[in-house]
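# Understanding the architecture of this molecule
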Amino acid sequence: EQRRISVGPRDVLRLKKPTNGFLCPLSASEDYDIDFLSFIIKDDETKRVLFEVCNGESMIGQMEVDCDSFNGDNCFRAIKYTFDSTVLRLPVVSTRCVSFRRTKNYEYNPPA
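Residues numbered from 1 in each chain as written. Predicted model: local features only at pLDDT ≥ 70, side-chain atom pairs only at ≥ 80, totals over all residues. Heavy atoms only, no water.

This paragraph deals with the overall build of the chain. For the chain, the helix and strand inventory stands at 3 helices and 5 strands. Tracing the chain from N to C terminus, the helices and strands come up as α-α-β-β-β-β-α-β. By the burial criterion, 14% of the 112 residues in the chain qualify as buried. Taking the contacts inside the chain whose residues are at least 6 apart along the sequence as the reference set, 58% of them involve residues at least 24 apart. Entry remark: accessible area of the chain is about 9200 Å², with carbon and sulfur atoms responsible for 50%. (Helix = DSSP H or I, 4+ residues; strand = E, 2+ residues; numbered from the N terminus. Buried < 20%, exposed > 50% of the residue type's maximum accessible area, 1.4 Å probe, protein only. Contact = heavy atoms within 4.5 Å. Areas by Shrake-Rupley, 256 points an atom, 1.4 Å probe, with all protein chains shown as cover.)

Here is the structure:
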């Protein structure tokens with residue numbers, strides 16, 4: 001049995017380190033009509049795309065699903081990225097996750 005947890009933007013801004021798990025279930029995308037569109041990692045200085053995955057398009061970069069660290073459907077949310085050593089030497093990288101919400105009012109409270 002899962003206990004009910006409510007997490008809002010203020011709670012997330014107070015986090016000081018990564019969480020041990022995900023803050024919402026995988027089903028939240030379907031429950032709240034959220035579609036994943038793309039995720040991009042760039043060299044912030046040159047704007048060169050290091051990694052890009054878009055819904056329904058070919059991917060730039062390498063990744064693998066991490067089923068060793070997470071159980072069940074959550075393994076599809078955990079991704080291992082493979083970058084060469086030059087990426088680790090970049091002073092700043094930027095990320096961008098794009099999603100589309102079909103509903104106008106959105107507040108997520110996980111089911112009990």
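With that settled, consider the pattern of salt bridges. Throughout the structure, instances matching the rule amount to 2 salt bridges. When the shortest N-O distance is used, the salt bridge between Lys47 and Asp44 registers 3.6 Å. Looking at Lys47, the relative accessible area reads 49%, which means it is partly exposed. Given the relative accessible area of 29%, Asp44 is considered partly exposed. (Salt bridge = Lys/Arg side-chain N within 4 Å of Asp/Glu carboxyl O.)

To continue, consider the nonpolar core. Nonpolar side chains in soluble globular proteins tend to end up buried together. Phe39, Ile41, Leu50, Phe51, Val53 and Val87 form the largest nonpolar core, which has 6 residues in total. Per-element tally for this core: the top contributor is strand 2 (residues 49-54), with 3 residues. Dropping the residues within four chain positions of it, Ile41 is found in contact with Arg48, Val49, Leu50, Phe51, Tyr81, Phe83, Val93, Ser94 and Thr95. (Core = buried A, V, L, I, M, F, W, Y, C linked by side-chain atoms within 4.5 Å.)

On to the environment of Cys24, then. Residue placement: Cys24 occurs in the loop between helix 1 (9-13) and helix 2 (28-31). Residue classification places Cys24 among the partly exposed positions, given a relative accessible area of 28%. Here the alpha-carbon distance between Cys24 and Val7, two residues 17 residues apart in the chain, equals 8.5 Å.

Before going further, it helps to spend a moment on unusual backbone geometry. What is expected of a backbone is that most residues other than glycine have negative phi and most peptide bonds are trans. The phi angle at Lys47 is positive, at roughly 70°, despite the residue not being glycine. Structurally, Lys47 can be placed in the loop between strand 1 (34-43) and strand 2.

Another aspect to go through is the side chain of Ser38. Note that Ser38 resides in strand 1. What makes Ser38 buried here is its relative accessible area of 9%. Apart from residues lying up to four places away in sequence, Ser38 is in contact with Val53, Cys54, Arg96, Cys97 and Val98.

Next up on the list: the pairing of strand 1. Across a regular strand the side chains alternate sides, sitting on one face of the sheet and then on the other. As paired elements, strand 1 and strand 2 share 5 bridges and run antiparallel to each other. Its bridge partner lying in strand 2, Phe39 is registered against Val53. In this structure, the hairpin formed by strand 1 and strand 2 is closed by a connection of 5 residues, where Lys47 is found at a positive phi of approximately 70°. (Pairing = 2+ DSSP bridges.)

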